Amino acid sequence: MLGIMQGRLSYAGKKLQSFPKNPYAEFKLASKIGYDFIEFFGEKVKNRKNPIFSNDGKKKYINLSKKNNIKIYSFCDNYVINHSLSSKKTLKVIEHTLDHLSILKIKKYILPLYGSSELKFKNKNKIYKNVSKISKICTEKNIELIFESNMSPKEFKTFKRNTNLDNCFFLFDTGNRILLKSNLVNDIYKFKNNIKHIHLKDKNIHNKNVIIGEGIVNFESIFKALKKIGYKGSFAIESQRGKDIELQATKNFIFFKKLIKKNINK
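First, a word on scope: everything that follows refers to the structure included in this document. All values derive from a computational prediction rather than experimental measurement.

Definitions and cut-offs
Every chain begins its residue count from 1, and numbering advances along the sequence as written. It should be noted that, the model being predicted, local features are given only for residues of pLDDT at least 70 and side-chain atom pairs only at 80 or more, the latter also being counted only at that level, while totals for whole chains, interfaces and linings use all residues. The basis for the side-chain values is all heavy atoms of the structure; hydrogens and waters are excluded. We count a stretch as a helix when DSSP gives it H or I for four or more residues in a row; a strand needs E for two or more, and each element gets its number in order from the N terminus. In this description the radius of gyration comes from C-alpha coordinates, and the expected globular size is given by 2.2 Å times residues to the power 0.38. Where accessible areas are quoted, they stem from the Shrake-Rupley method and a 1.4 Å probe; at the residue level, only the protein chains shown are allowed to cover. For the charge count, each Lys or Arg is scored as positive and each Asp or Glu as negative, with His and the chain ends excluded. Note on charges: their place is set at NZ of Lys, CZ of Arg, CG of Asp or CD of Glu. Per-residue accessibility, obtained with a 1.4 Å probe over protein chains only, is compared with the maximum for each type, and a residue is labelled buried under 20%, exposed over 50%, and partly exposed between these values. The criterion for strand pairing is that DSSP finds at least two bridges linking the strands in question. Handedness of a crossover: with both strands directed away from the viewer, a clockwise path from the first strand across the helix to the second marks it as right-handed. Paired rings are identified among Phe, Tyr and Trp, the last through its six-membered ring, by centres lying within 6.5 Å, and are further divided according to the angle between planes into stacked (under 30 degrees), edge-to-face (over 60) and tilted (the rest). In this analysis the charged atom, NZ for Lys or CZ for Arg, is taken to sit over a ring once it is within 6 Å of the ring centre and within 35 degrees of the ring normal. Put simply, the grid is 1 Å and covers the protein atoms alone, a cavity is a trapped set of points that fit a 1.4 Å probe, a pocket is an open set with protein on both sides within 12 Å along at least five of seven lines, and lining residues have an atom within 4 Å of a point. Grid points are joined across faces, edges and corners, and a volume is the space filled by probe spheres set on the points. Asp, Glu, Lys and Arg are counted as charged, while Ala, Val, Leu, Ile, Met, Phe, Trp, Tyr, Cys and Pro are counted as nonpolar; the rest, among them Gly, fall into the polar class. In this description, one arc is meant: the one made by directions from the helix axis to the C-beta atoms. By definition, residues are in contact when any of their heavy atoms lie within 4.5 Å. Angular values range over 0 to 180 degrees, each being the angle between N-to-C directions of two axes fitted as lines to C-alpha atoms, with helices fitted over their stretch in contact.

Notes on the overall build of the protein chain
And then number 1: The helix and strand tally for the protein chain stands at nine helices and ten strands.
And then number 2: By the compact-globule yardstick of 18 Å for 266 residues, the protein chain fits well, its C-alpha radius of gyration being 18 Å.
And then number 3: Over its C-alpha atoms, taken along the principal directions, the protein chain stretches across nearly 45 × 45 × 35 Å.
And then number 4: Of the roughly 13,400 Å² of accessible surface on the protein chain, a fraction of 50% belongs to carbon and sulfur atoms.
And then number 5: For the protein chain, the centre of its 54 positive side-chain charges and the centre of its 22 negative side-chain charges are spaced 2 Å apart.

Put into structure tokens, the structure is as follows:
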């Protein structure tokens, strides 16, 4: 399945990651272009106006999902970037969020291990403990727990071993990993079945998110590698909007749909 990050179908000025003023309007445009789902997200500072936290908001999402044939599928919780996963308060916020996501029947819950939640020697044991609790909740709610991180394949294996989790997978971000010293294709071979979701974006040598095709990410080689490991998971486009939002979103959809058809849907 191919989706697009929430907010990327709405005008946001110079901001890249911005919660849309009218999140409901994106369903119609996403459906018009052909996307399978919109990846919802939580902001770094909890936004209580986010529709997932109100009964009316959730009902509107569910109705719009059915009306426009856009699946409610994944949620990326950026709250942990500013609030450490080692904290009991953060754990309570996540538990509250998962209760709401469960009503929406979200399939994938993504935690970005960046900023305050980057895994370090001094916080790792507390993070391991809280992650284990989150995983248990996700398992009970039939939600896959997926981590977005700059960890190497070896480091992720250590992470899984220390948390002792079966319901623990990896999000491969094509933009975030391109400037690491590791080789993206080799990483895909090593992560293998741990990869359950992919964020598609392009970056230039200055680590700036750019229009798909204008950066240094070799998507052809990435999709060939995904074909070799038999990847059958999902994708969410997380790129620049361009001057014409609908036109750029359509171009991105066509570009990646061809790569998916060629390498994934066999």
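After that view, the rundown keeps rolling.
Things to note about the pairing of strand β5 (residues 144–148)
Two faces belong to every sheet, and in a regular strand the side chains alternate between them.
And then number 1: For β5, the tally of buried residues reaches four of five residues, placing the bulk of the element in the interior.
And then number 2: Two elements, strand β4 (residues 108–112) and β5, share five bridges in a ladder whose sense is parallel. Each residue of the ladder has a partner; that of I110, found in β5, is I146.
And then number 3: Considered for its hand, the β-α-β crossover made up of β4, helix α5 (residues 124–140) and β5 is right-handed.

Let's talk about the packing of aromatic side chains
And then number 1: The final tally for this structure, using the stated rule, is 21 aromatic pairs.
And then number 2: Each ring, one from F156 and one from F170, has its centre 5.1 Å from the other, and the planes form 65°; the classification is edge-to-face. Of this pair, F156 sits in helix α6 (residues 153–163) while F170 sits in strand β6 (residues 169–173), and the two are 14 residues apart along the sequence. The pair formed by F156 and F170 is uniform in burial state, with each residue classed as buried.
And then number 3: Each member of the aromatic cluster is reached from another via a ring pair, and the members are Y128, F147, F156, F159, F170, F172 and F191.
And then number 4: It is K46 that lies over the ring of F53; its NZ or CZ is 4.6 Å from the centre.
And then number 5: Positioned over the ring face of F169 is K196, at 3.9 Å from the centre of the ring.

Some points on unusual backbone geometry
And then number 1: Its identity is not glycine, yet K105 carries a phi of approximately 60°, on the positive side.
And then number 2: Positive phi values are uncommon outside glycine, yet N207 reaches one of about 65°.
And then number 3: Of note, N207 is situated in the loop between β8 (202–203) and β9 (209–210).
And then number 4: Since its relative accessible area comes to 42%, N207 is described here as partly exposed.

Remarks on the layout of surface pockets
And then number 1: Its boundaries defined by the atoms lining it, the largest pocket holds a volume of some 510 Å³.
And then number 2: Forming the boundary of the largest pocket are 23 residues, of which Q17, K44, I81, K201 and E238 lie nearest the centre.
And then number 3: Its residues assigned to classes, the lining of the largest pocket shows eight nonpolar, seven polar and eight charged.

Digging into helix α7 (residues 184–191)
Along an α-helix, residues three or four apart share an orientation, since each turn contains 3.6 residues.
And then number 1: Those residues of α7 lying buried are L184, V185, D187, I188 and F191. The buried side chains of α7 occupy one side of the element, clustering within an arc of 160° when seen end-on.
And then number 2: Contacts made by the buried residues of α7 are with α6, β6, β7 (195–200) and α8 (219–228).
And then number 3: Downstream of α7 by one or two residues, K192 has phi in the positive range, about 45°.

Description of the sheet that holds β6
And then number 1: The strand order around the closed barrel built from eight strands is β1-β2-β3-β4-β5-β6-β7-β10, with neighbouring strands paired in parallel fashion. Strand after strand, the sheet turns through a mean of 30° between neighbouring axes, direction not considered.
And then number 2: Summarising the sheet, strand β3 (residues 71–77) and β4 pair through three bridges and their orientation is parallel. Across the sheet, the residue bridging to C76 is I110, located in β4.
And then number 3: On top of the sheet, α5 reaches β4 and β5; it is set at about 140° to β5, its chief contact.

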